[in-house]
Amino acid sequence: MNTRLAGSKALVKKALSAYQVSKGIPMTTTTRGTGPRFVADCPTRPILDQVADKWTMMALTVLEEPTRFNEIRRQLEGVTQRVLTQTLRRLERNGLVVRRVLETSPVGVEYSLTPLGESFREPFTRLYEWALAHSDEIQEFQRAFDARNAQATSTN
């Protein structure tokens, strides 16, 4: 392995460990080879699975203020009612959003971020800004990759 790469991995591993210790996060990784590996019962797995989902990220973006279900759905082009319902229920279960039934006719429902959900806004915003800043570059890599694979499959 390239020594520069190995040094970078070691630095990232040290930074992760220091961060976990500073925040009182239990060390739920094991070391295998040169990098951390999450243990099977790591409590972060289901949480990361939830927040890394595309509809979760988009729904959290829409929830800048209390928002009715249908307004969320209108702002998320392509999401089905079923998928949005499942996404919001998982967010509610994880404590990131709260669901409130409105005493209107017909009865309405609105969702808003909890304090825990608000605390996720900063890291989420950084990730979202990174995605925006690098989307053109990533799309270029995707096109180049697809072109190489199309050539390879057409010659086989």
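Since we're looking at a predicted model, the values are computed, not measured.

Chemist: Before we go on, may I ask you to explain the nonpolar core in this structure?
Modeler: Generally speaking, a soluble globular protein has its nonpolar side chains buried in company with each other. Grouped together as the largest cluster of nonpolar side chains are 18 residues, with contacts concentrated most on Ile 72, Leu 76, Leu 84, Leu 88, Leu 91, Val 97 and Tyr 111. Going through the elements one at a time, helix 3 (54-62), helix 4 (69-75), helix 5 (81-93) and strand 5 (108-113) are the ones with two or more residues in this core. With four residues, the top contributor of residues to this core is helix 3. Non-local contacts of Val 97, meaning those with residues more than four positions away in its chain, are made with Leu 60, Leu 63, Leu 88, Leu 91, Glu 92, Tyr 111, Ser 112, Leu 113 and Thr 114.

Chemist: Explain helix 3 to me, please; I cannot follow it from the model alone.
Modeler: Three- or four-residue spacings in an α-helix give side chains the same orientation, since the helix completes a turn every 3.6 residues. Buried within helix 3 we find Trp 55, Thr 56, Met 57, Ala 59, Leu 60 and Val 62. At the N-terminal boundary of helix 3, the capping side chain belongs to Asp 53, with an oxygen 3.2 Å from the backbone nitrogen of Trp 55.

Chemist: Would you mind showing me how to read the sheet that holds strand 4 (residues 97-102) here?
Modeler: Each strand in a sheet pairs with its neighbour through backbone hydrogen bonds, running either in the same direction (parallel) or in the opposite one (antiparallel). The strand order across the open sheet formed by three strands is 3-5-4, and the pairing between neighbours is antiparallel. The sheet terminates laterally at strand 3 (67-68) and strand 4, the two strands that pair on one side only. Judged from the six bridges that link them, strand 4 and strand 5 form a sheet pairing that is antiparallel. Residue pairing for strand 5: Arg 99 is matched across the bridge by Tyr 111.

Chemist: Please explain the packing of helix 3 against helix 6 (residues 115-155) as it appears in this structure.
Modeler: Any two packed helices are characterised by how steeply their axes cross, that is the angle between the axes, and by the distance between the axes. Following both chains from N to C, one finds helix 3 and helix 6 inclined at 115°, their axes separated by 11 Å at the closest point. The orientation of helix 3 relative to helix 6 falls into the category roughly perpendicular. Note that helix 3 runs across helix 6; the crossing there is left-handed. Contact with helix 3, carried on its side by Met 57, Leu 60 and Thr 61, involves Phe 120, Arg 121, Phe 124 and Leu 127 of helix 6 and no other residues of that element.

What counts, and at which threshold
Position labels on residues start from 1 in each chain and follow its written sequence. Only residues with pLDDT of 70 or above have their local features reported here, since the model is predicted, and side-chain atom pairs are shown and tallied only from 80 upward, although totals for entire chains, interfaces and linings are computed over all residues. The side-chain quantities take in all heavy atoms of the structure and omit both hydrogens and water. Residues belong to one nonpolar core when they are buried, are Ala, Val, Leu, Ile, Met, Phe, Trp, Tyr or Cys, and are joined through side-chain atoms within 4.5 Å. Burial status follows relative accessibility: with a 1.4 Å probe on protein chains alone, a residue under 20% of its type maximum counts as buried, one over 50% as exposed, and anything between as partly exposed. Strands here are runs of E lasting at least two residues and helices are runs of H or I lasting at least four, both read from the DSSP assignment and numbered beginning at the N terminus. Only heavy atoms matter for contacts: two residues are in contact if any of them lie within 4.5 Å across the pair. A 3.5 Å cut-off defines polar contacts: any pair of N or O atoms within that distance qualifies, except that in protein one atom must be a possible hydrogen donor and the other a possible acceptor, and neighbouring residues in sequence count only when both atoms are side-chain atoms. Strands are labelled as partners when DSSP assigns at least two bridges between them. Axis definition: a line fitted to C-alpha atoms, limited for helices to the stretch in contact. Angles are taken between N-to-C directions and run from 0 to 180 degrees. Orientation categories follow fixed angle ranges, with anything under 35 degrees roughly parallel, anything over 145 roughly antiparallel, 65 to 115 roughly perpendicular, and all other angles oblique. Helix crossings fall into two classes, left-handed where the near helix is turned counterclockwise from the far one by less than a right angle and right-handed where it is turned clockwise.

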